Amino acid sequence: MNLHRKGRAALVLALVAVVAMAFRVSWNALRDIAGAIGADATAATLYPFVVDGLMALALIATLVLAGRDRRFALRVLAAYTIASLVLNYVHGLVPELHGHLVDWGRLADWDPANWALVLLATSLPVGSIYFGSDLVAKVLHHRPTPITAPTTNAEESTATERNRSSSDLTVSTPAPITPNVTALPRAVAVGFLKSNIPAKPVGAIEQPIVTPIERRAVASESTRPRRATGRVPEVARTPRVKRSPDELLDEARKATADWPDARLTAEGIRREVRTSPANARTLRDTLRAERGLQVA
């Protein structure tokens, strides 16, 4: 894997070196052509970047894009390569261009050829602006297609596809229906007259005797668990303390010490002391007698 990456890196570096050397070789020719069509010193210096620079941009776009956009980048690269080749060829044919001795706007002796060469040289900067902007926009809006992983077992995937039911398929084709043609028997002519053939006697069918089913009451079975019944053992019972009458009277006196006379009722004493209604009435009468009130 590392060797593969190193090989690709070396290939890219070699391409960059070749492009840089070719650009330097083409520099003088394009600069002299720019000076011959009226460009000043600064414009003539930048002119090679306009032509060969767009070629480098189109080459990068060709490596990035795909489909129609890639073909467009290849056409731009081919067109500017041919234009640069023509201008370099003219520069080699006209020695006067080397020393800037040629007339301004004169690249060939034949007028139609001169007009075509001047039009080509002057239109390359404008084309660089248009085609360069278009290529950059295509590269920025490019979305690479995802690469699907290869199937590890092609035979297994084929078998899985083959074993799918017809309902899982995208389009199900109904099976052809084969008609079952059965020959019918020929029709028999039936007369409207009474037949003279004696019919065979048939015995009467006896009806079976039906025995009624008696309805019996059946106890329904409940699925709920039955609760245990019986006497609760003494250990499980809550212990109840039996108080004597004197103890009840003492508790009642303490509980009703600050009660007003109107509140001194049997129901109030029963709730406070927690005793029976009979004991509560007895305690009420005793307490009212102690306070000198009339016993109810």
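This report concerns the structure included in the present document. (Residues numbered from 1 in each chain as written. Predicted model: local features only at pLDDT ≥ 70, side-chain atom pairs only at ≥ 80, totals over all residues. Heavy atoms only, no water.)

Before going further, it helps to spend a moment on the overall build of the protein chain. What the protein chain contains, in helices and strands, is eight helices and zero strands. Ordered by position from N to C terminus, the α and β elements of the protein chain give α-α-α-α-α-α-α-α. Relative to its full complement of 296 residues, the protein chain shows a buried share of 19%. Partitioning the contacts of the protein chain with sequence separation of at least 6, the portion at a separation of at least 24 is 62%. For the protein chain, the accessible surface area stands at approximately 24900 Å², while carbon and sulfur atoms represent 61% of it. (Helix = DSSP H or I, 4+ residues; strand = E, 2+ residues; numbered from the N terminus. Buried < 20%, exposed > 50% of the residue type's maximum accessible area, 1.4 Å probe, protein only. Contact = heavy atoms within 4.5 Å. Areas by Shrake-Rupley, 256 points an atom, 1.4 Å probe, with all protein chains shown as cover.)

Look at helix H7 (residues 266–273) against helix H8 (residues 277–290): their axes get within 8 Å of each other, and the N-to-C directions meet at 115°. The angle between H7 and H8 falls in the class roughly perpendicular. H7 and H8 meet at a crossing whose hand is right-handed. Taking contact as the criterion, the partners of Ala266, Ile269 and Arg270 in H7 are, on H8, Pro277, Ala280, Arg281, Leu283, Arg284 and Leu287. (Axes fitted to C-alpha atoms, helices over the stretch in contact; angles between N-to-C directions. Parallel < 35°, antiparallel > 145°, perpendicular 65-115°, else oblique. Left-handed = near helix turned anticlockwise from the far one by under 90°.)

With that settled, consider H7. All of the buried residues in H7 are Ala266, Gly268, Ile269 and Val273. An end-on view of H7 places all buried positions within 160° of arc, on one side of the element. On its buried side, H7 packs onto helix H6 (245–255) and H8. Phi turns positive, to about 65°, at arginine 274, one or two residues after H7. (Arc of directions from axis to C-beta.)

Here we take up the packing of H6 against H7. Remark: H6 packs on H7, axes separated minimally by 10 Å, with the N-to-C direction vectors making an angle of 105°. Between H6 and H7, the angle is such that the two are roughly perpendicular. Residue-level contacts link Leu248, Glu251, Ala252 and Ala255 of H6 to Ile269, Glu272 and Val273 of H7. Residue composition of the contact of H6 with H7, grouped by class: five nonpolar, no polar and two charged. (Nonpolar A, V, L, I, M, F, W, Y, C, P; charged D, E, K, R; others polar.)

A full pass over the atoms with the stated rule returns 10 salt bridges. With its nearest N and O atoms 3.4 Å apart, the salt bridge here joins lysine 138 to aspartate 69. Note that lysine 138 is positioned in helix H4 (residues 111–140) and aspartate 69 in helix H3 (residues 68–93), a separation of 69 residues in sequence. Salt bridges here are not isolated pairs; linked through shared partners, they connect Asp69, Asp134 and Lys138. (Salt bridge = Lys/Arg side-chain N within 4 Å of Asp/Glu carboxyl O.)

Let's shift gears to the side chain of aspartate 32. With respect to the helices, strands and loops of the structure, aspartate 32 is situated in helix H1 (residues 2–36). For aspartate 32, a relative accessible area of 5% gives the class buried. Looking at aspartate 32, its side chain comes within polar contact range of the side chain of histidine 91, at 2.7 Å. (Polar contact = N/O pair within 3.5 Å; in protein donor to acceptor, adjacent residues only side chain to side chain.)

Quick look at the environment of isoleucine 269 now. By the secondary structure assignment, isoleucine 269 is in helix H7. Placed 15 residues apart in sequence, isoleucine 269 and arginine 284 show a C-alpha to C-alpha distance of 7.2 Å. Discounting residues that sit within four places of it in the chain, isoleucine 269 has contacts with Ala252, Thr256, Trp259, Leu264, Arg274, Ala280, Leu283, Arg284 and Leu287.

So, on to the nonpolar core. Ranked by internal contacts, the top residues of the largest apolar core, which has 26 residues, are Tyr47, Tyr80, Leu87 and Leu124. Where this core is concerned, the elements lending two or more residues are H1, helix H2 (41–64), H3 and H4. When residues no more than four places from it in sequence are discounted, the contact partners of tyrosine 80 are Val50, Val51, Leu54, Met55, Leu124, Gly127, Ser128 and Phe131. The next biggest cluster of nonpolar side chains, apart from the first, holds nine residues, and it includes Trp259, Leu264, Ile269 and Leu287. (Core = buried A, V, L, I, M, F, W, Y, C linked by side-chain atoms within 4.5 Å.)

As a further point, take H6. Those residues of H6 that fall on the buried side of the exposure criterion are Leu248, Leu249, Ala252 and Ala255. Viewed end-on, H6 has its buried residues packed into an arc of 130°, placing them on one side of the element. Opposite the buried face of H6, by more than 90 degrees, sit the exposed residues Asp246 and Lys254.

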